[in-house]
Amino acid sequence: MENAAVAKKNKLRVGIPRALLYHKYGKLWEVFFRELGVNVVLSPETNKEIIARGARLSIDESCLSVKIFVGHIDWLKDKADAVLVPHITCLHSGEEMCVKFMALVDTVRNVFPGIKVIEYSVNAKKLETEAGSMIRLGARLAGNPFRAIAAYMKAKGAWEKSAREKKEAQAEKFAAARRGEKPLILIVAHSYTLEDNFLGRPIIDYLEKSGVCVLCSDRLDAARAREISKNISQTLYWTYHKELLGAAEYYKDSVDGMIFLTTFPCGPDALAVNLCQSKMKGIPSIIVSLDELESRVGLQTRLESFVDVINFKKCRKKK
Amino acid sequence: MPEKKVSFPHMGDYYSAFKCLVELIGRPLVPPPITKKTIELGFKYSPETVCIPFKYNLGNYIEALEAGADVICQAGGGCRFGYYAEVQEQILRRLGYEFEFFKLNNKNSVIGFIKDFKRIAPHNTYPGIIHRLALCLARIHCIDAVSDCVRKNIGFEIHPGQMEKTYRKFLEDLVWTYSLGAVFSLKNECLCQIRQIDIDKPADCLRVGVVGELYMLMEPFANFYLEKKLAQRKIEVHRFVTVSGILTEYFSGDRSVKKHLAAAHPYLTHHIGAHGTETVARANSLIKKGFDGIIHLKPFGCMPEVSAMAALNNLARDRRAPILYFSFDSQTSEAGLETRVEAFCDMLYMKQKKKKNG
């Protein structure tokens, strides 16, 4: 009887959209569902078609990141029985998430009426923890709470390991670059912008090809970054923006330039990034705002001239 | 030591309520009324993609500081509003103004709020502060009660202009009314006067609810006097977002969120932040009550209201309800708004006629 139930559950295909929080928690979700014996359908890397689908379905004024997320769900909706949409309201007490994460579940439900959504809630203000919510979700899916606990433990371990590796890689890169000749540029952006195949990655690749050493703002110890962000802004309350500003503060004395990468029209970025840029005195910086109509050529010209300015400045300093 | 001049941003007709609180700190300086110049100043110095209330506030501050203010105040809460104060302070300092910035944060409780006042204006006694707070709340309550009555009837006046005149007189008198009893009797007197004005209101007049982001709803200059435009077309306008409404929500906390989520069923399952949930809840219940149309206002890029729009779209489709969306930014023109409002009203009238004729 129980085997039959598990076998039936096994047929469930859970779709994970490769967008927004996937770029932070992807490893956690993949391992968790694999351990539970659930089939996972992962959407492909963001491409033009996904963006076009998302832009067509979303409200015009949604930010590009949400449009991409909607595009991924659209890709998944026929290929999976249910999609995973986390409902994250508050990660640490005294802080908040951008309201788009609070509304994500309802955005998906309203854009795709009738879609089956698998959600787990995290809200530090109501003592809803990630562990509690995910284990409850796992127990429901697998029909066995102990299996859910084991799966969560394993997933959390794998996630922590991959996050640590990322951080260590950046730390090594940073140490090597400080001794080297290459100019050092910090890209200040959310994980879901930096890691996206359509948004951040082409920019990072382009910069590395032009001989720049690129650091990413999301590869720093998050708690530490949030702590030092207070040097820039005392009243900032968005968790992820604290991490961005903290990274900017941490690297500000060692980098030759900063690129603020935002997705149009990101609400919190409009305030936090502008504040941060004006406090980074003496560091060359540009704000690159990405939208779904982005022409690659215009962006390339801007990056090229920025790299030129930085190289020029570095040469002059040496003389 | 000369007395400090204290200023605050405008919002709708609430300056008399803000003024009586600010008098605790120093001499109040009501900023010049919002004009085209205010918003031009705001645009010039604000980050480009920030929401438009930020720009109006900044314009108010610059004009007030030019007029000689020493202290300016800002509240906070909701989504981006909570972070306004720090960014605005930094922009104004960069422009070279010297001032004190008094930030009231909504995370504070009422007691914290009173303590904040005591800290910044130590010459006041606690009972004095509490009395002023009560007076401020009373003024807000009375302004909302009177303006609600005006909103519903002003379109149907036989001799246009009387109600507006009575309302303006009430606002002027309110500024100089300092006892709680007098404030309430002023309100009752004004309501009596308004009821005596001759109106010709058909029983089946069109009813439209305005919902959306609070600053856009409450500041008539920012929404190009939308409510007046509707009233001129003989429409009864209902609005629920008022400062007293917001304060009630704030004090009832989670309970009000739960209530709104129930009212927004089946379009929402979670609180979507700031006033987004309330927007959907109000729209849903107004349509159920048989309102003829809904108008949704928001600043460009307002995050919670954009999330609410996805739900409103479904509501409009399921219940065949007319919903008109406006998004305000620096490029929004009054003529464009006027044309769309006109078309919307014509459509509502046609719909009503069709229904009557079966």
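See the structure above.
About the criteria used
Residue positions are given per chain, counting from 1 as you read along its sequence in written order. Naming scheme: in the order in which they are written, chains are lettered from A and ligands are numbered from 1. A pLDDT threshold of at least 70 governs which residues receive local features in this predicted model, and a stricter bar of 80 or more applies before side-chain atom pairs are shown or counted, although totals over entire chains, interfaces and linings include all residues. With hydrogens and water excluded, all non-hydrogen atoms of the structure serve as input to the side-chain values. In this description, a disulfide is simply a cysteine sulfur pair whose atoms lie within 2.5 Å. Burial classes follow relative accessibility: with a 1.4 Å probe on protein chains only, a residue under 20% of its type's maximum area counts as buried, one over 50% as exposed, and anything between as partly exposed. Take the buried Ala, Val, Leu, Ile, Met, Phe, Trp, Tyr and Cys residues and link them wherever side-chain atoms come within 4.5 Å; each set so joined is a nonpolar core. Working definition: helices are DSSP H or I runs of at least four residues, strands are E runs of at least two. Numbering for both runs from the N terminus. Here the bounds of each domain stem from an automatic or database domain assignment. Any two residues whose heavy atoms approach within 4.5 Å at even a single point are treated as in contact. Patches here: salt-bridge-free residues with over 30% relative accessible area, like charges joined within 9 Å, nonpolar side chains (Val, Leu, Ile, Met, Phe, Trp, Tyr) joined within 5 Å. Here the open area of atoms and residues is found with the Shrake-Rupley method and a 1.4 Å probe, where only the protein chains shown may cover a residue. Each reported salt bridge corresponds to a side-chain nitrogen of Lys or Arg within 4 Å of a carboxyl oxygen of Asp or Glu. By definition, two strands form a pair when at least two bridges between them are found by DSSP. Axes, fitted as lines to C-alpha atoms, cover a helix only where it is in contact. Angles between the N-to-C directions of the axes lie from 0 to 180 degrees. When describing relative orientation, an angle under 35 degrees is termed roughly parallel and one over 145 degrees roughly antiparallel, while 65 to 115 degrees is termed roughly perpendicular and anything else oblique. Take the far helix as the reference: if the near one is turned anticlockwise from it by less than a right angle, the crossing is left-handed, and if turned clockwise, right-handed. Three residue categories are used. Nonpolar comprises Ala, Val, Leu, Ile, Met, Phe, Trp, Tyr, Cys and Pro, charged comprises Asp, Glu, Lys and Arg, and polar comprises the others, including Gly.

When you look at the state of the cysteines in this model, what are you seeing that I'm missing?
Residues and elements named next belong to chain B. For the structure shown, the criterion picks out zero disulfides over all chains. Cys 79 takes part in no disulfide bond, and the closest cysteine sulfur, belonging to Cys 302, lies 5.2 Å away. Residue Cys 79 is classed as buried on the basis of its relative accessible area of 15%. Just so you know, Cys 192 is unpaired, no disulfide at all, and the nearest cysteine sulfur is the one on Cys 190, 9.4 Å from it. On the basis of relative accessibility, which here comes to 43%, the residue Cys 192 falls in the partly exposed class.

What is the right way to look at the nonpolar core in this model?
The tendency in soluble globular proteins is for nonpolar side chains to be buried side by side. Counting residues in each nonpolar core, the largest one holds 82 residues, and the members touching the most others are Trp 29 and Phe 33 of chain A. In terms of residue count, helix α2 (residues 22–36) of chain A provides more of this core than any other element does, eight residues in total. Counting the residues that make up this core, at least three belong to each of domain 1 (2–158) and domain 2 (181–318) of chain A. Residues contacting Phe 33 of chain A, with those up to four places away along its chain left out, are Val 14, Ile 16, Val 38, Val 40, Leu 84, Leu 137 and Leu 141 of chain A. If you look at the next biggest cluster of nonpolar residues, it comprises 71 residues, including Ile 34, Val 71, Phe 328 and Leu 337 of chain B.

Please clarify how a nonpolar patch on the surface should be interpreted in this entry.
All names here are of chain A. A grouping of Phe 146, Ile 149 and Met 153 is seen on the molecular surface, where their side chains present a nonpolar patch of about 360 Å² in accessible area. Checked against the element boundaries, Ile 149 lands in helix α7 (residues 145–179). By relative accessible area, which is 37% here, Ile 149 ends up partly exposed.

Explanation requested: the sheet that holds strand β6 (residues 235–239) of chain B in the structure shown.
Sheet strands associate in pairs through backbone hydrogen bonding, adopting either a parallel or an antiparallel arrangement. Residues and elements named next belong to chain B. Taken in spatial order, the four strands of this open sheet run β6-β5-β7-β8, and their pairing is parallel. Each edge of the open sheet is held by one strand with a lone partner, namely β6 and β8 (323–328). Sheet twist, expressed as the mean angle between neighbouring strand axes with direction ignored, is 25 degrees. In the sheet, strand β7 (residues 293–299) pairs with β8 via six bridges, with the strands oriented parallel. Along β8, the bridge assignment pairs Pro 299 with Phe 328.

How should I be thinking about the packing of helix α11 (residues 239–251) of chain A against helix α12 (residues 267–279) of chain A in this particular structure?
Working note: a packed helix pair is described by the angle between its axes plus the distance between those axes. Residues and elements named next belong to chain A. Between α11 and α12, the least distance of the axes is 11 Å, while the angle of their chain directions is 15 degrees. Considering their axes alone, α11 and α12 lie roughly parallel with respect to each other. The interaxial crossing formed by α11 with α12 has right-handed handedness. Counting all contacts with α11, which are made through His 241, Leu 244, Leu 245 and Ala 248, the residues of α12 involved are Pro 268, Asp 269, Ala 272 and Cys 276. Its residues assigned to classes, the contact of α11 with α12 comprises six nonpolar, one polar and one charged.

So what exactly am I meant to see when it comes to the pattern of salt bridges here?
Close approach of charged atoms lets side chains of opposite charge pair. Under the counting rule described, the total for this entry stands at 45 salt bridges over all chains. Between Lys 103 of chain B and Glu 89 of chain B there is a salt bridge, and its shortest N-O distance comes to 2.9 Å. Linking Lys 103 of chain B in strand β4 (residues 100–103) with Glu 89 of chain B in helix α4 (residues 81–94), this pair joins segments that are 14 residues apart in sequence. Linking Glu 338 of chain B and Arg 233 of chain B is a salt bridge whose minimum nitrogen-to-oxygen distance equals 3.5 Å. One end of the pair, Glu 338 of chain B, is in helix α15 (residues 334–356); the other, Arg 233 of chain B, is in the loop between α10 (226–232) and β6, and 105 residues separate them in sequence. A residue is classified by how much of its surface remains accessible, and Glu 338 of chain B, at 28% relative accessible area, is partly exposed. Shared partners join several salt bridges into a network, and the residues in it are Lys 24, Glu 95, Arg 226, Lys 242 and Glu 243 of chain A.

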